[in-house]
Amino acid sequence: MSRLVRRLAAAAAFLVALAACGGGTNTGSQTDVGITADSILLGNTIAQSGPAASYGTIGNAELAYFNYVNGQGGVNGRKIKFKILDDGYNPAQTKTLTKQLVEQDKVFAMFSGLGTQAQLSVRDYLKSKNVPQLFVATGATTWGKDFSSNTMSLGWQPPYQGEARIYAKDVLQNHPNAKIGVLYQNDDYGQDYLKGLTDGLGDKASLIVDKESYDVTAASTQAQLTKIKAAGADTLFLFSTPGLTIKSLVIVTGLHWEPTIYLNSVSNPQAYMGLAAKAGAALKNVTSVGYLKDPTDPQWANDTGMKLYKTVIASCSTCKPDDGFNLYGVAVAYTMVTVLKKAGSNPTRQNVMNIAANQLDDNSNPFVLPGVKVQTTSDDHFPIMQEEVITWAGTGWKLSGTLIDERGTIK
Amino acid sequence: MMNRLRGAPPRYWLVVIVVVFFIGFPTVISSFLASEWAQALIFAIAIMGLNILVGLSGQLSLGHGAFMALGAYTSAILVHHYKMDYLLTIPIAAVLTGIVGFLFGVPALRLSPLYLALATFALAVVTPSLIKRPAGLTGGVQGILVLQPDPPPIASDIFATLTGTVMTSDQWIYYISLFCALLLFWLAWNLTRHRPGRALRAIRDGEVAAAASGINIAGYKTLAFGVSAFYAGTAGSLFGLATGYVSPDTFPVSLSIQLLVGAVVGGLASIPGPLLGAIFAYFLPIESNQWVPSQSWIPDQIASTLKNAGPAVSYGVLLILIMIFAPNGLVGLIRRGYEQLNRRLRGAGDREAGHVPPDPQTV
């Protein structure tokens, strides 16, 4: 009997000890968490390992820019602290890590989280915690379009639909009798693009003679491209992800086919074009769009913005200065700093969100193309809506034409 | 009753301590940590299922992530389209996944172990694409958001009196997961100790001999698949609840590998193994990812390389170490250490009394 009593006593003592260690968890102050008199804490989840690891450098470039700003004295006397966590492009990880940043690290806001699925998975959560989800690194149209029901989330880059509308304009202007063939990825990403193109063509949508889709897991697009060629298309749209775009460009050359090619912006970084050329793609008549200055374009060699970029990125030992993703990171970090500066003496979550979503009006960003305005109003929540047509000139992209503004076309 | 309690072997008391520990745990850790531990417990359930298949019946599966996906989507769809209560959908998801696993087990019987591994691997590879197809039902690439339930008043009140803070939905989900884990571990324990467990072990160790002893090989092998999928379905359903979101990318191929690593590391064919393996498999990638960059003595260049390869490298290194030093997993290691200690203690006493201790029996 006494042994039993002793065992029970031990168990009880254990319980008491557990309870004693307990107590105040979870302080629930909802406003102005993560901000002190001399610091602001921002959080970020991004793929730095796994299938989309090449995007990971964006976070490091953003950190480099925040460090640069801190070196200049910070924002209104506050230094920006930036915590980057790797979610490996898995939304379940994003959810856990975002929770960690919000509940454990107590960030002021989430900034530039990457991946459509990943960021959608935390949109409701962040709203329920009243944490701004600013300038997500995804071009899905939903971020700007559905803002009214997701008031704590905002995108930054031009939406895929807007980009496709610009292609539509360019086709109608320069190739009014084109026979269009479209290759698109069979998911929201590809369909977003396809919808933009169809809407942009309007009553000329009949110019599309063939659309073929492929699955994300597809190894090749040979069959689809052969079909599009057989359908008589002379203008080819590639709404695909970089890996398959490179393959498609090679296949097109292999088919002895020389259509006018429109390439989506996701696939147009110079590095990918180089890979395609190396694999034997002819890269004739290739058109795309851009809104950022290209670090490899010699025309910006003496540009102050580009010089600033080179200075900033030099402090990041793992960032390659020629990688366009780094310029993207620095450019979006610039907008974040602009918003925080504008919030001035009232840096609450609500005020920062309000400024970002409704009152942005910035044409001073030195990293975007001249004339591109980062702008939001009370009924337009797409910060960037201007892009310029670019054509491939053998070794780099050449700006051709003027900025095309699609603001207000996506409702 | 008292006598039975008094006569209980020490490992029963260990079980009681572990259970009490897990019940008390959320009262001393933050709500966020509770949500992480809930996911570790959910992993434990899935790994227990895999353990029954791999450890007990000797069939290899590289596709348990797919069964988890099925469970998660079953629950999410029932909640989202048919407005069912989430708790009700857990058993439905479990049973449905169990049936699918059972059916998958029928053709799998005809495959040799290597081809079975490939077939299940294929299942894991196609599942994410397959889910995207009926976009109206599954939400396609966008996935389905799952609303996390508020704790019921009773649980909330008890929790409040214990800790003085309000119970969050994360903490409530932790307790749901713990309940399911306890139930399913108890079931697995019963399974292994009785006829089916013995039959499965016999099949694993020698199919011909087992058949000669009158064991229905086909029946038991498919049963193992069904039970295993039942566990994975439960885990998947809970996983959807814990993460609040199901989407195709939530269930990548690497999830299946992660589960298998957890099962092997914990210790195959043991009951506590999956729990230890789950804690290992769940926390290692997260911790290794965050620990490396926080160490200022590691040079930047090396840290960033290590960080990118973090989970893979630490998995690899630890797996090799465990295979060398603890081929029976963590549980095997602990058991061996305990036995050696016991033998030495007992040996000392026996030597004084002039007895020679008998050889320890192998498990």
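Being a predicted model, the structure only gives us computed values, none of them experimental.

Visitor: Teacher, can you tell me more about the overall build of chain B here?
Guide: For chain B, the helix and strand inventory stands at 16 helices and two strands. Against the 2.2 N^0.38 benchmark of 21 Å for 363 residues, chain B shows a C-alpha radius of gyration of 22 Å, consistent with a compact globule. Projected onto its principal axes, the C-alpha coordinates of chain B cover approximately 75 × 60 × 55 Å. By residue count, 47% of the 363 residues in chain B fall in the buried class. In chain B, once contacts between residues fewer than 6 apart in sequence are set aside, the share between residues at least 24 apart is 73%.

Visitor: I'm lost on the domain arrangement of chain A in this one. Help?
Guide: By a widely used convention, the size of an interface equals the accessible area lost when the partners come together. All names here are of chain A. By domain assignment, chain A separates into domain 1 (39-158 + 299-380) and domain 2 (161-290 + 391-405). Each of domain 1 and domain 2 has a C-alpha centre, and these two points are 29 Å apart. Contacts between the two partners involve nine residues from domain 1, matched on the other side by 11 residues from domain 2. Taken together, the residues that form the side of domain 1 that touches domain 2 break down as four nonpolar, four polar and one charged.

Visitor: How should I be thinking about the sheet that holds strand S9 (residues 260-263) of chain A in this particular structure?
Guide: Across a sheet, paired strands are connected by hydrogen bonds in the backbone, their directions being either parallel or antiparallel. Residues and elements named next belong to chain A. Taken together, seven strands build an open sheet; the order of strands is S7-S6-S8-S9-S10-S13-S14 and the sheet is mixed. At either margin of the open sheet sits one strand with a lone partner, and together these are strand S7 (208-214) and strand S14 (397-405). Recorded for the sheet is a direction-independent mean angle of 20 degrees between the axes of neighbouring strands. With four bridges joining them, strand S10 (residues 286-290) and strand S13 (residues 386-392) adopt antiparallel strand pairing. By the bridge assignment for S13, Val289 is matched with Val389. Running at roughly 160 degrees to strand S8 (residues 235-239), helix H9 (residues 242-254) makes contact with strand S6 (180-185), S7, S8 and S9 of the sheet.

Visitor: Please clarify how the nonpolar core should be interpreted in this entry.
Guide: Grouped burial of nonpolar side chains is what soluble globular proteins tend to show. Counting residues in each nonpolar core, the largest one holds 115 residues, and the members touching the most others are A:Phe237 and A:Val330. If one sorts the elements of this core by residue count, helix H12 (residues 324-343) of chain A sits on top with 11 residues. Shared between two domains, this core holds at least three residues of each, these being domain 1 (39-158 + 299-380) and domain 2 (161-290 + 391-405) of chain A. Counting residues in each nonpolar core, the second largest holds 94 residues, with B:Val79, B:Ala94, B:Tyr174 and B:Ala235 among its members.

Cut-offs and rules
- Residues numbered from 1 in each chain as written.
- Chains lettered and ligands numbered in written order.
- Predicted model: local features only at pLDDT ≥ 70, side-chain atom pairs only at ≥ 80, totals over all residues.
- Helix = DSSP H or I, 4+ residues; strand = E, 2+ residues; numbered from the N terminus.
- Rg over C-alpha atoms; globule rule 2.2 N^0.38 Å.
- Buried ≥ 20, exposed ≤ 12 C-beta atoms within 10 Å, placed from the backbone.
- Contact = placed C-beta atoms within 7 Å.
- Domains from an automatic or database assignment.
- Nonpolar A, V, L, I, M, F, W, Y, C, P; charged D, E, K, R; others polar.
- Pairing = 2+ DSSP bridges.
- Axes fitted to C-alpha atoms, helices over the stretch in contact; angles between N-to-C directions.
- Core = buried A, V, L, I, M, F, W, Y, C linked by C-beta atoms within 7 Å.

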